[in-house]
Amino acid sequence: MTEAPLVAGIELGGTKCICILARGPDQIEETVRIPTTRPEETMAAIEAVLDRWSGFVAIGIASFGPVSIDRHSHDYGHITTTPKPGWAGTDIAGRLQRRYGVPTGFHSDVVGAALAEAFWGAAKGLPDIAYVTVGTGVGAGMIANNRPVDGLTHSELGHIRPARFQGDDWIGNCPFHGACIEGLVAGPAIAARIGFPADEAPAEHPVWDGVADALGQLCHTLVLTGIPRRIVMGGGVMGASHLFPRVRAAMTRSLGGYITLPEVALTDTFIVPPALGNNAGPLGAIVLGAQALGHKLETSFTPS
Ligand code: ZN
């Protein structure tokens, strides 16, 4: 087994940024947390941390988005159309790659977390998984053969339109689609609908029936699109643990018996909470850096 490379990872979030120097979850040398403010100030603070570190052979960045991940695009490595003031069009990966001269991986924070859960977390060793985060927004990252499933850009499955829950005609709050998944089940959508924060809604509140139904349909779509071996679901809204059995049941109902794979039928092990908690983002950046280097991280998966 070759030793994993030392990587400088950066999880660039909307409010805070975590820099991590590590080879993996058991070999973390240092973690530094800095606030995300204006781009120039934040990038300079990141560089001040990396300037102090030595020995890293790659950089990985898992960023809030949307981000440009197409290496053939003129804006590769940039944050693109974010509403976050000042950040639209900011070059992240190119700037750090030029400064440090090492291979640099760059992707969305959702895909970063998906990679971390696939290599070291709740889907450890599984080469094909999906990761869904349900928080202030809804994001879904798909991993196939240990790599992100990418097209022109990363997937935006959080914005698919579900069939409406019986009797529900609430218009939703996505500014683009109204009642897409994100417009129905993200934390702010639930709060807009019920008039108080989602995490204060008890398990028996009727809002959860529609939330579980929509998330079950998202899982239905993920199953039919990527045929993941497991779906990991995290984010603040999924902190309501009563949602898991309801989402599992909703997915099974929605699939209607079409998929008979035992892995999918065993929903308790098919749809699971994350295992890495707040470390998923920073560790995802480590995976992105290692993959940019061409390093094949060890996993425990053996094909049956
Ligand atoms: Zn939408």
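Residues numbered from 1 in each chain as written. Predicted model: local features only at pLDDT ≥ 70, side-chain atom pairs only at ≥ 80, totals over all residues. Heavy atoms only, no water.

Caption draft 1: Focus on the environment of Gly65. With respect to the helices and strands, the residue Gly65 is situated in the loop between β4 (58–63) and α2 (93–100). A sequence separation of 154 residues divides Gly65 from Cys219, and the C-alpha atoms of the two residues are 22 Å apart. (Helix = DSSP H or I, 4+ residues; strand = E, 2+ residues; numbered from the N terminus.)

Caption draft 2: Inspection of the coordination of the zinc ion at higher detail. Every protein donor of the zinc ion is listed here as His159 (ND1), Cys174 (SG), His177 (ND1) and Cys180 (SG), and their distances to the metal cover 2.1 to 2.4 Å. Seen from the zinc ion, its 4 donor atoms lie at angles of 105 to 118°, and the figure they make is tetrahedral. Binding-site remark: the zinc ion is held by donors from one chain whose sequence spacing is H-x14-C-x2-H-x2-C. (Donors = N, O, S within 2.8 Å, 3.2 Å for Na, K, Ca; no water. Tetrahedral: all angles 85-135°; square planar, octahedral: opposite > 155°, others 65-115°.)

Caption draft 3: Representation of the sheet that holds strand β2 (residues 16–24) within the structure. With mixed pairing, the 5 strands of this open sheet are ordered in space as β3-β2-β1-β4-β5. One side of each edge strand has no neighbouring strand; the edge strands of this open sheet are β3 (27–35) and β5 (104–108). Between one strand axis and the next, the sheet turns through 15° on average, direction left out of account. Note that β2 and β3 share 8 bridges and pair antiparallel. Bridge pairing in β3 links Gly24 to Gln27. Helix-sheet contacts for helix α10 (residues 280–292) involve β1 (7–12), β2, β3, β4 and β5, and the interaxial angle to β4 is about 135°. (Pairing = 2+ DSSP bridges. Axes fitted to C-alpha atoms, helices over the stretch in contact; angles between N-to-C directions. Contact = heavy atoms within 4.5 Å.)

Caption draft 4: A look at helix α6 (residues 207–226). Helix length check: α6, at 20 residues, gives a terminal C-alpha distance of 29 Å against a target of 28 Å (1.5 Å per residue), a fit within 8%. In terms of burial, α6 is a largely internal element, 15 of the 20 residues being buried. Of the residues trailing α6, Ile227 is marked for its positive phi of about 45°. (Expected span 1.5 Å × (residues − 1). Buried < 20%, exposed > 50% of the residue type's maximum accessible area, 1.4 Å probe, protein only.)

Caption draft 5: Spatial organisation of the pairing of strand β7 (residues 138–144). Within β7, 6 of the 7 residues are buried, which leaves it mostly tucked inside the rest of the structure. Of the strand pairs in this sheet, strand β6 (residues 129–134) and β7 are connected by 6 bridges, and their pairing is antiparallel. Bridged to Ala130 within β7 is Met142. Sheet topology places β7 next to strand β8 (residues 147–148); 2 bridges connect them, and they run antiparallel. By the bridge assignment, Ala144 is partnered in β8 with Arg147.

Caption draft 6: Representation of the packing of helix α5 (residues 187–194) against α6 in the model. Two elements in contact, α5 and α6, have axes separated by 11 Å at closest approach and are oriented at 150°. Our classification of the angle between α5 and α6 gives roughly antiparallel. In terms of crossing hand, the pair formed by α5 and α6 is right-handed. On α6, the residues touching Ile190, Arg193 and Ile194 of α5 are Val207, Trp208 and Val211. Of the residues belonging to the contact of α5 with α6, the class tally is 5 nonpolar, no polar and 1 charged. (Parallel < 35°, antiparallel > 145°, perpendicular 65-115°, else oblique. Left-handed = near helix turned anticlockwise from the far one by under 90°. Nonpolar A, V, L, I, M, F, W, Y, C, P; charged D, E, K, R; others polar.)

Caption draft 7: Inspection of the environment of Asp169 at higher detail. Following the sequence through the fold, Asp169 ends up in the loop between β8 and α4 (181–185). According to the relative accessible area criterion, Asp169 is exposed, its value standing at 66%.

Caption draft 8: A look at the packing of aromatic side chains. Applying the stated criterion across every chain, the model contains 4 aromatic pairs. Ring geometry for Phe56 and Tyr100: centres 5.7 Å apart, planes at 65°, overall edge-to-face. Linking Phe56 in the loop between α1 (39–52) and β4 with Tyr100 in helix α2, this pair joins segments that are 44 residues apart in sequence. An identical accessibility class is assigned to Phe56 and Tyr100; each is buried. (Phe/Tyr/Trp six-rings, centres within 6.5 Å; stacked < 30°, edge-to-face > 60°.)

Caption draft 9: Inspection of empty space enclosed by the protein at higher detail. Under the criterion given, the structure shown has 2 cavities of 30 Å³ or more. A volume near 80 Å³ is recorded for the largest cavity. As for the largest cavity, its lining consists of 13 residues, of which Phe165, Asp168, Leu184, Gly210 and Ala214 are closest to the centre. Of all the secondary-structure elements, those providing two or more residues to the lining of the largest cavity are α4 and α6. In terms of residue count, the dominant contributor to the lining of the largest cavity is α6 (5 residues). Of the pockets and cavities examined, the second largest cavity occupies roughly 40 Å³. In this structure, the second largest cavity is lined by His107, Val111, Ala140, Gly141, Met142, Val149, Asp150, His154 and Ser155. With 3 residues, the single largest contributor to the lining of the second largest cavity is β7. (1 Å grid on protein atoms, 1.4 Å probe; cavity = no way out; pocket = protein on both sides within 12 Å on 5 of 7 lines; lining within 4 Å. Points joined across faces, edges and corners; volume = space filled by probe spheres on them.)

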